[in-house]
Amino acid sequence: MLTASYATAYHAPVLSHAVLNYLITDMDGLYVDATAGGGGHVAALLSGLSSNGKVIAVDRDPSAIHAVRSRFPEAVHQKQLMTLRGAFGRLQTLIREYLPVTGLLLDLGVSSHQLDAGERGFSHRSSAPLDMRMDPDSPTTAADIVNGYAEKDLVRLLRRYGEEPHARKICQSIMEHRPVETTMDLATIIRRAVPTKMESRAVARTFQALRIAVNQELDELAQILESSPQIVSEGGRMVIISYHSLEDRMAKRMIRNGALHGDAQRDVYGNRLVPWKPLTRRPVMPDQVEVKANPRSRSARLRVASRTSVSANHSH
């Protein structure tokens, strides 16, 4: 199993074979991993490129950037690997001088390292402050939301970002126990508010909803998807790995319609004018071997699109 060779204690990259097979169209090209994490996919990309090929690794988490730089000192020194800190929603601005690129990879969600670093507050498996910020400099923490939002706004957030059926009960329970200080406290409150068989799902969905809100993940995703036609050159590719239906729906819609809202533009003959052409009819999913090696990959869905000749501004 190839994937294992790209994994580190920091992060196990998901579907790395598929990423390599689909993303690399030119071994001398320039590829962007907009969610570098611990550099697992960066390692895969570097192994699949020639010495002329280049990778730009982007992440908003400074510890991710540090991990990538210290893992590939040689590639950094040779200028085969460049690292940039920033949120991927602003990618077009961040990499302006390198545009357009040959391929773009978005591995969404939270990295294994962020989940495992208990003090970051992403996981309920260890007791930590309710933080959940991917960028430690951003202003809002999960505690601010849990303890500061009005009940109706909290309910809306859990329903929208967590698709949580027991949102109202959970939020009523949160209101009664404020201030909620730690991840463990929050998990306990959630478990008590829902039927026993729903406990672990409800905790996972609530934590997901808070994480998405704290990091404005769907807004960031909308920004990068809308700017993706300007980022990738014609014939180049975009690979998106998502972990829940909200992200996957957005990726699918952008690839199919060239926009997140409304239908695709059409020419006078009724042909769809879209900047992306899907290369996978169904999303690619990890096999049992990978899921066994990395249980967190279970929910991964990978979609691939090729950049068509339709001009980017046509797509808006």
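Everything discussed here concerns the structure shown above.
A brief report on the enclosed structure follows.

Criteria and thresholds
- Counting from 1, residues in each chain are numbered in the order their sequence is written.
- Owing to the predicted nature of the model, reporting of local features is limited to residues with pLDDT of at least 70; listing and counting of side-chain atom pairs is limited to 80 or more, with chain, interface and lining totals taken over all residues.
- Side-chain figures throughout are based on the complete set of non-hydrogen atoms in the structure, without hydrogens or water.
- Here a strand is any run of E in DSSP of at least two residues, a helix any run of H or I of at least four, and the numbering for each starts at the N terminus.
- With C-alpha atoms as the basis for the radius of gyration, the globule rule is written as 2.2 Å multiplied by the number of residues raised to the power 0.38.
- The buried label applies to any residue whose accessible area, calculated with a 1.4 Å probe on protein chains only, is under 20% of its type's maximum; exposed applies above 50%, and partly exposed to all values in between.
- Surface exposure here means Shrake-Rupley accessible area, sampled with a 1.4 Å probe, where a residue is shielded only by the protein chains that are shown.
- In this tally, Asp and Glu contribute negative charge and Lys and Arg positive charge; neither His nor the terminal groups of the chain are included.
- The atom standing in for a charge is NZ when the residue is Lys, CZ when it is Arg, CG when it is Asp and CD when it is Glu.
- Between any two strands, pairing holds if DSSP finds at least two bridges.
- Helix axes are fitted to C-alpha atoms over the stretch in contact, other axes to C-alpha atoms as well, and angles between N-to-C directions run from 0 to 180 degrees.
- Whether two residues touch is decided by their heavy atoms; if any such pair falls within 4.5 Å, the residues are in contact.
- Surface patches are drawn from residues lacking salt bridges whose relative accessible area is over 30%; two like charges belong together within 9 Å, two nonpolar side chains (Val, Leu, Ile, Met, Phe, Trp, Tyr) within 5 Å.
- For salt bridges, the criterion is a side-chain nitrogen of Lys or Arg within 4 Å of an Asp or Glu carboxyl oxygen.
- Oblique is the label for any angle not covered by the other classes, which are roughly parallel (under 35 degrees), roughly antiparallel (over 145) and roughly perpendicular (65 to 115).
- Should the near helix be turned counterclockwise from the far one by less than a right angle, the crossing is left-handed, whereas a clockwise turn marks it as right-handed.
- Only Asp, Glu, Lys and Arg are considered charged, only Ala, Val, Leu, Ile, Met, Phe, Trp, Tyr, Cys and Pro nonpolar, and every remaining residue, Gly among them, polar.

**Quick look at the overall build of the protein**
Thinking step 1. In terms of helices and strands, the protein carries 15 helices and nine strands.
Thinking step 2. Taken against the 2.2 N^0.38 rule, which gives 20 Å for 316 residues, the C-alpha radius of gyration of the protein at 20 Å falls within 12% of a compact globule.
Thinking step 3. Buried positions account for 57% of the 316 residues belonging to the protein.
Thinking step 4. When the accessible area of the protein is evaluated, it comes to approximately 14,500 Å², of which 49% is carbon and sulfur surface.
Thinking step 5. Within the protein, one finds 40 positive and 33 negative side-chain charges whose respective centroids are separated by 6 Å.

**Topic: the sheet that holds strand β3 (residues 81-85)**
Thinking step 1. Within the open sheet, the seven strands sit side by side as β3-β2-β1-β4-β5-β9-β8. Their pairing is mixed. The outermost strands of the open sheet, each flanked by one partner alone, are β3 and β8 (276-278). Averaged over neighbouring strand pairs, the angle between their axes works out to 20 degrees when direction is ignored.
Thinking step 2. As judged from the five bridges shared by strand β2 (residues 54-59) and β3, these two strands associate in the parallel manner. Bridging from a neighbouring strand, Ala57 pairs with Thr83 of β3.
Thinking step 3. Helix-sheet contacts for helix α2 (residues 16-23) involve β1 (30-33), β4 (101-107), β5 (232-242) and β9 (301-307), and the interaxial angle to β5 is about 165 degrees.

**Structural notes on unusual backbone geometry**
Thinking step 1. Note the cis peptide between Leu99 and Pro100, where omega equals -10 degrees.
Thinking step 2. With respect to the element layout, Pro100 can be found in the loop between α6 (91-94) and β4.
Thinking step 3. For the bond from Arg178 to Pro179, the omega torsion is -5 degrees, close enough to zero to count as cis.
Thinking step 4. Looking at where Pro179 falls in the secondary structure, it is placed in the loop between α10 (167-177) and α11 (183-193).
Thinking step 5. In this structure, Leu15 takes a positive phi of about 55 degrees despite not being glycine.
Thinking step 6. The residue Leu15 is located in the loop between α1 (3-6) and α2 in this model.

**Some words on a positive patch on the surface**
Thinking step 1. Taken together, the side chains of Lys252, Arg253, Arg256 and Arg272 define a basic patch exposed on the protein surface.
Thinking step 2. When residues of the positive patch are assigned to their parent elements, the largest contribution, three residues, is made by helix α14 (residues 245-257).
Thinking step 3. Structurally, Lys252 is set in helix α14.

**Side note on the pattern of salt bridges**
Thinking step 1. This structure, assessed with the given rule, holds 10 salt bridges.
Thinking step 2. In this structure, the salt-bridge partner of Arg85 is Asp135, at a minimum N-O distance of 2.6 Å. Of the two residues, Arg85 sits in strand β3 while Asp135 sits in the loop between α7 (112-116) and α8 (142-148), which places them 50 residues apart along the sequence.
Thinking step 3. For the salt bridge of Arg133 with Asp131, the shortest nitrogen-to-oxygen distance reads 2.8 Å.
Thinking step 4. The structure contains a network of salt bridges with shared partners spanning Arg85, Asp135 and Asp137.

**Focus: the pairing of β9**
Thinking step 1. The buried fraction of β9 amounts to six of the seven residues, a majority that puts the element mostly inside the structure.
Thinking step 2. Sheet analysis places β5 next to β9, joined by six bridges and oriented antiparallel. Across the sheet, residue Val239 finds its bridge partner in β9, namely Val304.
Thinking step 3. Note: β8 against β9, three bridges, orientation antiparallel. Among the inter-strand pairings, Lys277 is bridged to a residue of β9, identified as Ser306.

**Things to note about the packing of α10 against α11**
Think of two packed helices as two axes; the pair is described by the angle between the axes and how far apart they sit.
Thinking step 1. Between α10 and α11, the least distance of the axes is 9 Å, while the angle of their chain directions is 130 degrees. Judged by the angle between their axes, α10 and α11 are oblique. The two elements α10 and α11 meet at a crossing, and its hand is right-handed. Between α10 and α11, the residues in contact are Lys169, Ile170, Ser173, Ile174 and His177 and Leu186, Ile189, Ile190 and Ala193, respectively.
Thinking step 2. For the contact of α10 with α11, the residue count by class is six nonpolar, two polar and one charged.

**Focus on the environment of Leu106**
Thinking step 1. Residue position: Leu106 is located in strand β4.
Thinking step 2. A residue is classified by how much of its surface remains accessible, and Leu106, at 0% relative accessible area, is buried.
Thinking step 3. Excluding residues that lie within four positions of it along the chain, Leu106 makes contacts with Ala34, Thr35, Phe88, Leu221, Ile224, Val239, Ile240 and Ile241.

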